[in-house]
Amino acid sequence: MIEVKQDNDIVIIEGKATYSELPKLMDKLNNLSKPVKTIDITNIKKIDTSCLIFLLQFAKRYAANINCSKNDKKLLEIVKSNLKETTPKKTYHDKFFYNIGVAAYRKLIELYLFFGFLGEIFIHFAKALTHPKLFRVKAIVNDIEKMGLNAVPIITILSLLIGVVMAYQGSIKLKEFGANIFIVDLVSISITRELGPLIVAILLAGRSASSYTAQIGIMKVTEEIDVIKTMGLHPFDVLVFPKIISMIISLPLLVILADIAGIFGGAIVANLSLGITYYDFYLRLSNVLTLHTFLSGLIKAPVFAFVIAVIGCFKGFRTSKNVESIGENVTISVVDGIFAVIVIDAIFSVVFRWAGI
Amino acid sequence: MGGNIVIEVKNLNISFKRKTIHKNVNISVNRGDIYSIIGKSGSGKSTLLRAMLMLQKFEGSIIILGTDVRTSSDEQKSIIRKQCGVMFQAASLFTSLTIGENIAVSLNENVKLPKRMVEDIVKFKLSLVGLEDDVYYLYPSELSGGMKKKAALARALILDPQLLFLDEPTSGLDPVSAEDFDKTIRQLNKLLGITVVMVTHDLDSFFNVTTRCCVLGDKKVLAEGTPFDIIKTEDEWIKKIFFGERGIKFQKWNQKRDSY
Ligand SMILES: Nc1ncnc2c1ncn2[C@@H]1O[C@H](COP(=O)(O)OP(=O)(O)OP(=O)(O)O)[C@@H](O)[C@H]1O
Ligand SMILES: [Mg+2]
């Protein structure tokens, strides 16, 4: 499409010089035998600004003239008047330790900001207690439906399966010892104390924290948060509190559901592979599963709920105004949420042990 | 490439669910036109533009550069798209890229060029639309509304397209920038032969650049032709635009034209 001919110090370019031909043009001109005094594009069919930019730079480098038609001359003038000397950008070398330092510093700042956020929530919560109107019942109920009620099927199925798997794995060894009935202890205690709350919390960290982060993050990008502020409302009242409260209400309920489903899963396996009737299972269960055991699992639920909701919201507010940052923060909020849940669970275990619970 | 008409819209019907937006719309854009689409808010100007850009389902036919976009293959569509520069009403820059990267996207996708060269081309376009070099490294969220508009225009111009679609290019620009914009558009139109299709509410800009236009309203085209033809149309809304309080400019423009 593009032709470059050289006649001593005159270069003649013909054809169509558009951006798609630019690499070829650059290649050809840069490989010409120098010197070039004149670049002739009078017979060119079509030329676009990107090629003109290159020609101008080229002409400047070799102090050459450009001959062209009247129309192209005007175009050339426009290009020339808008073209500035560019200075090459500084290139940063990869600094390994520097990068590690920066990353660590960022994490610390993030932690610092998180505690700031937490403090703000408490202060605001204290204020809200004296103004009960600030609690938006409608938003809370709506959120309970979306985050709690709609999670019921998945949580039921998951816990049931966990109960089944645990009982099945345990049943093999227990059968060897003839300690069949202890399957009830195994399933009920481990599910109510540990697995039930953990499964629910981890699932909700994936399900709810991510959606909180995305929702608040996008509201930030589209400046909806600013709109809320200008309306004299506090984003905490409108966005954060309903989420925290609905989470604190629905997570314990889901834990109870998970406990029941998990134990039921255990009962099915006990019945099928160990021959323990449902009635025997029930009798043993009422002996083994004290209220105390059940509550020591349930008590963790509100804490998990609070942490998950706060992390989800915090990460939402931490997004900067671009789409990529939303994706990044959603990921981080899920990962951090799960991490926090497991760490808190470990802390509970240690504390319970100390306290002899 | 087929004839003098670059865009032809024939018997266009568009409806959303039960709501009809366009009913039997016919317009044509000639090569070298600066074609303005005007009409009330909500009259479907953006929708018409989206239909031309193959972003909107429609009935009827739209022929762009000799290709019917409804029946064309994906390859044909992509060839047409490469010849079109588009600027949306809300600027719609990629928020996760810097302005420089935003503008360079289609250049980088289409040709392999040295980084320096790309940077020079991008900076030229920035300067062309009246932005400083230093916005090159900024993110869209760090620009003002008007600057975003300019950056979006630079992005639309990057490949020197044959066809330029602009949705309210001057809204949000200060009067001086808007005038510079008009000048830039006219220059590009004249020197590069770019055909421009734009939606505008800005009467100054409208009179400054438009060579042909159409008025949308009531689900159809109320009038099409040169701005001069348009004002002769007997339509209340059209009369209001040109002879209402804001239409003073037009009257001046008309007098100037008469005195030639
Ligand atoms: N995705 C959609 N779904 C349903 N209705 C839509 C959709 N997009 C647009 N509309 C409707 O189509 C009509 C035309 O919208 P359009 O955005 O084309 O208006 P416009 O002429 O560009 O207005 P403005 O001057 O305010 O930009 C409006 O009534 C709008 O409600
Ligand atoms: Mg619009």
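Definitions and limits used
The residue numbers shown here count from 1 along each chain, following its written sequence. Working convention: letters from A go to chains and numbers from 1 go to ligands, in the order in which they are written. For this predicted model, a pLDDT threshold of at least 70 governs which residues receive local features, and a threshold of 80 or more governs which side-chain atom pairs are given and counted, while totals over whole chains, interfaces and linings are taken from all residues. Here the side-chain values reflect all heavy atoms present in the structure, with hydrogen atoms and water set aside. Under the scheme used here, helices are H or I runs from DSSP no shorter than 4 residues and strands are E runs no shorter than 2 residues, and both carry numbers assigned from the N terminus. In this setup the radius of gyration rests on C-alpha atoms only. A globule is expected at 2.2 Å times the number of residues raised to 0.38. Accessibility here uses a 1.4 Å probe with only protein chains present; expressed as a share of the type maximum, an area under 20% marks a residue as buried, one over 50% as exposed, and anything in between as partly exposed. By the convention used here, residues are in contact when the closest approach between their heavy atoms is within 4.5 Å. Charge counting follows a simple rule: Lys and Arg are positive, Asp and Glu are negative, and His as well as the terminal groups are ignored. Working definition for charges: the position is that of NZ of Lys, CZ of Arg, CG of Asp or CD of Glu. Any N or O atom pair separated by 3.5 Å or less is treated as a polar contact, with the protein-specific requirement of one donor-capable and one acceptor-capable atom, and with residues adjacent in sequence counted only for side-chain atom pairs. Between the N-to-C directions of two axes lies an angle of 0 to 180 degrees, each axis being a line fitted to C-alpha atoms and, for a helix, fitted only over the stretch in contact. Crossings are classed by handedness, with left-handed meaning an anticlockwise turn of the near helix from the far one by less than a right angle and right-handed meaning a clockwise turn. Ten residue types, Ala, Val, Leu, Ile, Met, Phe, Trp, Tyr, Cys and Pro, are classed as nonpolar, four, Asp, Glu, Lys and Arg, as charged, and the remainder, Gly among them, as polar. Take the accessible area each of two parts loses on contact, using a 1.4 Å probe, and add the two losses: that sum is the buried area. For this analysis, a salt bridge means a side-chain nitrogen from Lys or Arg found within 4 Å of a carboxyl oxygen belonging to Asp or Glu. The domain boundaries here were taken from an automatic or database domain assignment. With water excluded from the atoms, a metal site may look incomplete; its donors are any N, O or S atoms within 2.8 Å, or within 3.2 Å for Na, K and Ca. Working definition: residue near molecule or strand if any one of its non-hydrogen atoms lies within 4 Å of it. For accessible areas, the Shrake-Rupley method is used with a probe of radius 1.4 Å. Any residue's cover is judged against the shown protein chains and nothing else. The aromatic pairing rule takes the rings of Phe, Tyr and Trp, using the six-membered ring of Trp, and pairs them if the centres are within 6.5 Å, calling planes under 30 degrees apart stacked, those over 60 edge-to-face and the rest tilted. Charge-over-ring contacts are defined here by two conditions on Lys NZ or Arg CZ: a distance within 6 Å of the ring centre and an angle within 35 degrees of the ring normal. A patch consists of residues whose relative accessible area exceeds 30% and which take part in no salt bridge; residues with like charges are grouped when within 9 Å of each other, and nonpolar side chains (Val, Leu, Ile, Met, Phe, Trp, Tyr) when within 5 Å. Any two strands with at least two DSSP-identified bridges between them are counted as paired. Buried Ala, Val, Leu, Ile, Met, Phe, Trp, Tyr and Cys residues form a nonpolar core when they are joined through side-chain atoms within 4.5 Å.

Caption draft 1: Main features of the overall build of chain B. Along the backbone of chain B there are ten helices and ten strands. In terms of C-alpha radius of gyration, chain B reaches 19 Å, essentially the compact-globule figure of 18 Å for 260 residues. When the backbone C-alpha atoms are referred to their principal axes, chain B occupies close to 55 × 45 × 35 Å. In chain B, which comprises 260 residues, the proportion classed as buried is 54%. A fraction of 63% describes how many contacts in chain B between residues 6 or more apart in sequence connect residues 24 or more apart. Positive and negative side-chain charges in chain B, numbering 37 and 31 respectively, have mean positions lying 4 Å apart.

Caption draft 2: Quick peek at the side chain of Asn322 of chain A. Relative to the assigned elements, Asn322 of chain A resides in the loop between α12 (300-318) and α13 (323-355). Side-chain polar atoms of Asn322 of chain A contact the backbone nitrogen of Glu324 of chain A, separated by 3.1 Å. Look past the residues within four positions of Asn322 of chain A in its chain and what remains in contact with it is Val221 of chain A together with Thr95 and Ser96 of chain B.

Caption draft 3: Region of interest: the packing of helix α9 (residues 235-274) of chain A against α12 of chain A. Residue and element names in this part refer to chain A. One way to put it is that α9 packs onto α12 with a least axis distance of 8 Å and a crossing angle of 150°. α12 is crossed by α9, and the crossing has right-handed handedness. Packed against α9, whose contacting residues are Pro235, Phe236, Val240, Lys243, Ile244, Met247, Ile248, Leu251, Pro252 and Val255, the element α12 presents Ala301, Pro302, Phe304, Ala305, Phe306, Ile308, Ala309, Val310, Cys313 and Phe317 at the interface. Taken together, the residues that form the contact of α9 with α12 break down as 19 nonpolar, no polar and one charged.

Caption draft 4: Examining the interface of chain B and chain A more closely. Contact residues are listed per partner, giving 28 residues for chain B and 28 residues for chain A. Between chain B and chain A, roughly 2,600 Å² of surface is buried when both sides are summed, and carbon and sulfur atoms account for 63% of that area. Between the two partners, chain B and chain A, sit zero salt bridges. There are six residue pairs in polar contact (both at pLDDT 80 or more) connecting chain B and chain A.

Caption draft 5: Region of interest: the domain arrangement of chain A. Residues and elements named next belong to chain A. Taken domain by domain, chain A consists of domain 1 (2-82), domain 2 (92-130) and domain 3 (135-355). The C-alpha centroid of domain 3 is placed 25 Å from the C-alpha centroid of domain 2. Between domain 2 and domain 3, the residue contacts involve twelve residues of the former and 15 residues of the latter. Regarding the contact of domain 2 and domain 3, the summed buried area is about 1,300 Å², with carbon and sulfur atoms giving 81% of it. Interface area lost by domain 2 to domain 3 is led by Glu110, Phe117 and His124, which between them contribute 43%. Scanning the region where domain 2 abuts domain 3 turns up two salt bridges. Taking the shortest distance from any N to any O, the salt bridge between Arg318 and Glu110 comes out at 3.2 Å. Of the residues assigned to the side of domain 2 that touches domain 3, the class counts are nine nonpolar, one polar and two charged.

Caption draft 6: Seen up close, the coordination of the magnesium ion (ligand 2). Ligation of the magnesium ion (ligand 2) by protein atoms is provided by Ser46 of chain B (OG) and Gln89 of chain B (OE1), these donors lying 1.9 to 2.3 Å from the ion. With a gap of 43 residues between them, Ser46 of chain B in helix α1 (residues 45-52) and Gln89 of chain B in the loop between β6 (84-87) and α3 (99-110) connect regions that are remote in the sequence.

Caption draft 7: Summary view of the site of ligand 1. Residue and element names in this part refer to chain B. Neighbouring residues of ligand 1: 14 residues in total, closest Lys45, Ser46, Thr47, Gln89 and His201. Lys19 is positioned such that a nitrogen or oxygen atom in its side chain is 3.1 Å from an oxygen atom of ligand 1. With respect to ligand 1, the backbone of Gly42 contributes an N or O atom lying 2.8 Å from an oxygen atom. For ligand 1, the protein covers 62% of the area, taking 630 Å² as the surface of the free molecule. Mapped onto the shell around ligand 1, the elements with two or more residues apiece are β2 (19-30) and α1. Ranked by residue count, the leading element in the shell around ligand 1 is α1, at three residues. Class assignment of the residues belonging to the shell around ligand 1 gives a composition of two nonpolar, eight polar and four charged.

Caption draft 8: Fine view of the packing of aromatic side chains. Counted according to the given criterion, the structure contains 14 aromatic pairs over all chains. Ring plane angle 75° and centroid distance 5.2 Å describe the contact between Phe96 of chain A and Phe97 of chain A, whose orientation is recorded as edge-to-face. Like Phe97 of chain A, Phe96 of chain A is exposed. Summarising the aromatic geometry, the rings of Phe348 of chain A and Phe352 of chain A are spaced 5.5 Å apart at their centres and angled 50° between planes, so their arrangement reads as tilted. Here Phe348 of chain A pairs with Phe352 of chain A, and both are found in helix α13, just four residues apart, close to one helical turn. This pair shows no difference in class: Phe348 of chain A is buried, exactly as Phe352 of chain A is. Over the ring of Tyr98 of chain A we find Lys95 of chain A, and its NZ or CZ is 4.8 Å from the ring centre. Between Arg155 of chain B and the ring centre of Phe94 of chain B, over which it is positioned, the NZ or CZ distance is 5.1 Å.

Caption draft 9: A positive patch on the surface, seen in detail. Together, Lys16, Lys45 and Lys46 of chain A together with Arg31 of chain B give the surface a local cluster of positive charge. Looking at Arg31 of chain B, the relative accessible area reads 35%, which means it is partly exposed.

Caption draft 10: A look at the sheet that holds strand β7 (residues 163-167) of chain B. Residue and element names in this part refer to chain B. Spatially, the six strands line up as an open sheet ordered β6-β7-β8-β3-β9-β10, and their pairing is mixed. Each edge of the open sheet carries a strand with a single partner, namely β6 and β10 (220-225). Adjacent strand axes in the sheet meet at a mean angle of 15°, parallel and antiparallel pairs treated alike. Summarising the sheet, strand β3 (residues 34-39) and strand β9 (residues 212-217) pair through five bridges and their orientation is parallel. Pairing of Tyr35 across the sheet is with Arg212, part of β9. Helix α5 (residues 145-157) contacts β6 and β7 of the sheet and is inclined by roughly 170° relative to β6.

Caption draft 11: Geometry of the pattern of salt bridges. Tallied over the entire structure, the rule returns 14 salt bridges over all chains. Of the charged contacts, one joins Lys321 of chain A and Glu223 of chain A as a salt bridge, the two residues approaching to 3.6 Å between their closest N and O atoms. Here Glu223 of chain A lies in the loop between α7 (183-221) and α8 (224-230) and Lys321 of chain A lies in the loop between α12 and α13, a separation of 98 residues in the sequence. Salt-bridge contacts for Glu224 of chain B lead to Arg212 of chain B; the nearest nitrogen and oxygen are separated by 3.1 Å. Taken together, the positions of Glu224 of chain B in strand β10 and Arg212 of chain B in strand β9 put the pair twelve residues apart, joining distant regions of the chain. The class of Arg212 of chain B is buried, set by a relative accessible area of 16%. Each of Glu110, Lys315 and Arg318 of chain A takes part in one network of salt bridges that share partners.

Caption draft 12: Looking closely at the nonpolar core. Residue and element names in this part refer to chain A. Formed by 73 residues in total, the largest nonpolar core has its most connected members in Ile13 and Ile41. If you tally residues by element for this core, the top one is helix α2 (residues 49-61), at eight residues. Other than its neighbours up to four places away in sequence, Ile13 contacts Ile2, Glu3, Val4, Leu25, Leu29, Ile39, Asp40, Ile41, Ile44 and Leu55. With 47 residues, the next largest nonpolar core counts Tyr212, Ile216, Val255 and Cys313 among its residues.

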